[in-house]
Amino acid sequence: FAFVMLLLTIGAIAQSAPRPAKDEAELTKLLNEFLAGASRNDAVVHDRFWADDVIYTGSAGKRRGKADIMHDVRSAPAPKQGDPTTVFTAEDIRIQQYGNAAIVAFRLVGTTVKDGKTEVANYLNSGTFVKRKGKWQVVNWQSTKMATS
């Protein structure tokens, strides 16, 4: 009886513990490469990351598609000497994979240097990635600015 109870307990624990996503390393690498590219407004990186059918809901409550995103990236003026610079990084990355779909949730940290001062903004972001023809791309994105305390 004790042995059977032990097996049932171990089985219950094993079922409740989240399993790592099969493609976690690949998705994390893709996210970090994207954020590095977004930090320098790299159109090639944006084009690779966003699926043609993406629905992006920004923290300001505006919904956009890939054409809107790419237009903004390509029409942004080139940075000039002394312009503020922002570097984007991801913290607390959580990935749940469901076959050829995955949810990637993380805290986006935007660190801006402006006039010698550093400002940090935090957002809770989540994206739905779909793997098509062997390539992960984002089909849905949500960004929520975190309140400053």
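Figured I'd write up the structure that's included with this text.

About the thresholds
Residues numbered from 1 in each chain as written. Predicted model: local features only at pLDDT ≥ 70, side-chain atom pairs only at ≥ 80, totals over all residues. Heavy atoms only, no water. Core = buried A, V, L, I, M, F, W, Y, C linked by side-chain atoms within 4.5 Å. Buried < 20%, exposed > 50% of the residue type's maximum accessible area, 1.4 Å probe, protein only. Helix = DSSP H or I, 4+ residues; strand = E, 2+ residues; numbered from the N terminus. Contact = heavy atoms within 4.5 Å. Pairing = 2+ DSSP bridges. Axes fitted to C-alpha atoms, helices over the stretch in contact; angles between N-to-C directions. Arc of directions from axis to C-beta. 1 Å grid on protein atoms, 1.4 Å probe; cavity = no way out; pocket = protein on both sides within 12 Å on 5 of 7 lines; lining within 4 Å. Points joined across faces, edges and corners; volume = space filled by probe spheres on them. Nonpolar A, V, L, I, M, F, W, Y, C, P; charged D, E, K, R; others polar. Polar contact = N/O pair within 3.5 Å; in protein donor to acceptor, adjacent residues only side chain to side chain.

**Quick notes on the nonpolar core**
- Ranked by internal contacts, the top residues of the largest apolar core, which has 26 residues, are Leu31, Phe49, Trp50, Phe106, Phe129 and Trp141.
- At the level of elements, helix 2 (24-39), helix 3 (43-49), strand 1 (50-57), helix 4 (66-75), strand 3 (85-98), strand 4 (101-114), strand 5 (117-132) and strand 6 (135-145) are the ones that each hand at least two residues to this core.
- The element best represented in this core is helix 2, accounting for six residues.
- Filtering out sequence-adjacent residues up to four positions away, Phe129 remains in contact with Leu27, Leu30, Phe49, Asn100, Ala101, Ala102, Val104, Trp136, Gln137, Val138 and Trp141.

**Considerations on the sheet that holds strand 3**
- A sheet is described by the order of its strands in space; here six strands give the open sequence 2-1-6-5-4-3, paired in mixed fashion. Each edge of the open sheet carries a strand with a single partner, namely strand 2 (63-64) and strand 3.
- Looking at chain direction, strand 3 and strand 4 are connected through 12 bridges and run antiparallel. What sits directly across from Arg94, in strand 4, is Ala105.
- Across the sheet, helix 2 touches strand 1, strand 3, strand 4, strand 5 and strand 6, and the angle it forms with strand 3 is around 160°.
- In the packing of helix 4 onto the sheet, the strands contacted are strand 1, strand 2 and strand 6, and the crossing angle to strand 1 comes to about 85°.

**Remarks on helix 4**
- When we look at burial in helix 4, the residues that qualify are Lys66, Ile69, Met70 and Val73. The buried residues of helix 4 occupy one face: seen down the axis, they fall within an arc of 90°. Turned more than 90 degrees from where helix 4 packs its buried face, Ala67 and His71 sit exposed.
- Looking at the buried side of helix 4, the elements it contacts are helix 3, strand 1, strand 2 and strand 6.

**Remarks on the layout of surface pockets**
- What the largest pocket holds in volume is close to 510 Å³.
- Around the largest pocket, the lining is made up of 20 residues, and of these Ala38, His46, Tyr56, Arg64 and Phe88 lie nearest the centre.
- At the level of secondary structure, the elements contributing two or more residues to the lining of the largest pocket comprise helix 2, strand 1, helix 4, strand 5 and strand 6.
- Residues belonging to the lining of the largest pocket are distributed by class as follows: 12 nonpolar, six polar and two charged.
- Estimates place the volume of the second largest pocket at around 310 Å³.
- Along the walls of the second largest pocket sit 15 residues, with Ser39, Arg40, Asn41, Pro79 and Pro84 positioned nearest its centre.
- Listed by contribution, the elements that provide at least two residues to the lining of the second largest pocket are helix 2 and strand 3.
- With three residues, strand 3 is the single largest residue contributor to the lining of the second largest pocket.
- Its residues assigned to classes, the lining of the second largest pocket shows seven nonpolar, five polar and three charged.

**With respect to the side chain of Lys66**
- With respect to the secondary-structure elements, Lys66 resides in helix 4.
- For Lys66, a relative accessible area of 8% corresponds to the buried category.
- At 3.3 Å, the side chain of Lys66 and the side chain of Asp52 are in polar contact.
- Those residues in contact with Lys66 that sit more than four places away from it in its chain are Asp47, Trp50, Ala51, Asp52, Val54 and Gln137.

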